[in-house]
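Each chain, written out:
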Amino acid sequence: MKRKTVTQITTLLLLISTIICVITGFIKWPGLITGLGLTYRQVPLTLITELHDWSGLVMTILVALHVFQFKGMMKRMVRGLTQRSSS
């Protein structure tokens, strides 16, 4: 598989896992369920918690892979920032 394709797949999966993690995180926000007039029995909190935890783990792995994929660009960026600040 081409490097560009792998990077695009990584980025797409990272976006999906981030969206799932953010949405489930908001649902788990303390007071939100009762604030919406729902009860904890009406919301599958166990499923939401499991989705939140797994998507967070997947997101962490994908972020590490993404950083590895762009390590050259990040080195150049840091080098450029440190050279500007020392001048």
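Scope of this entry: the structure provided in the associated data block. In this text the structure is predicted, and so the values were computed from the model without any measurement.

Scoring rules and cut-offs
- Residues numbered from 1 in each chain as written.
- Predicted model: local features only at pLDDT ≥ 70, side-chain atom pairs only at ≥ 80, totals over all residues.
- Heavy atoms only, no water.
- Helix = DSSP H or I, 4+ residues; strand = E, 2+ residues; numbered from the N terminus.
- Rg over C-alpha atoms; globule rule 2.2 N^0.38 Å.
- Buried < 20%, exposed > 50% of the residue type's maximum accessible area, 1.4 Å probe, protein only.
- Areas by Shrake-Rupley, 256 points an atom, 1.4 Å probe, with all protein chains shown as cover.
- Expected span 1.5 Å × (residues − 1).
- Patch = residues over 30% accessible without salt bridge, like charges linked within 9 Å, V, L, I, M, F, W, Y side chains within 5 Å.
- Salt bridge = Lys/Arg side-chain N within 4 Å of Asp/Glu carboxyl O.
- Lys, Arg positive; Asp, Glu negative; His and termini not counted.
- Charge placed at Lys NZ, Arg CZ, Asp CG, Glu CD.
- Contact = heavy atoms within 4.5 Å.
- Polar contact = N/O pair within 3.5 Å; in protein donor to acceptor, adjacent residues only side chain to side chain.

A word on the overall build of the chain. Along its length, the chain carries 4 helices and 0 strands. A globule of 87 residues ought to have a C-alpha radius of gyration of about 12 Å, yet the chain, at 19 Å, is considerably larger. Once the C-alpha set of the chain is aligned to its principal axes, its extents read approximately 60 × 40 × 15 Å. The proportion of buried residues among the 87 residues of the chain is 15%. Summing over all exposed atoms, the chain offers an accessible surface of approximately 7000 Å²; the carbon and sulfur share of this is 71%.

A word on the environment of Val78. In this structure, Val78 sits in helix H4 (residues 71–86). Linking Val78 and Gly37, residues 41 residues apart in sequence, is a C-alpha distance of 48 Å.

Across its 25 residues, helix H1 (residues 3–27) extends 36 Å between first and last C-alpha, which sits within 8% of the 36 Å expected from 1.5 Å per residue. All of the buried residues along H1 are Thr7, Thr10, Leu14, Ser17, Cys21 and Thr24.

Together, Arg3, Lys71, Lys75, Arg76 and Arg79 give the surface a local cluster of positive charge. Take Arg79: its relative accessible area is 45%, and that puts it in the partly exposed class.

Let's shift gears to the side chain of Thr7. Position of Thr7 relative to the elements: it lies in helix H1. Excluding anything up to four places from it in sequence, Thr7 contacts Gln69 and Phe70.

Here we take up the environment of Thr11. Residue placement: Thr11 occurs in helix H1. With 55 residues separating them along the chain, Thr11 and His66 place their C-alpha atoms 7.4 Å apart. Within the local environment of Thr11, its side chain forms a polar contact with the backbone oxygen of Thr7, the two atoms lying 2.8 Å apart.

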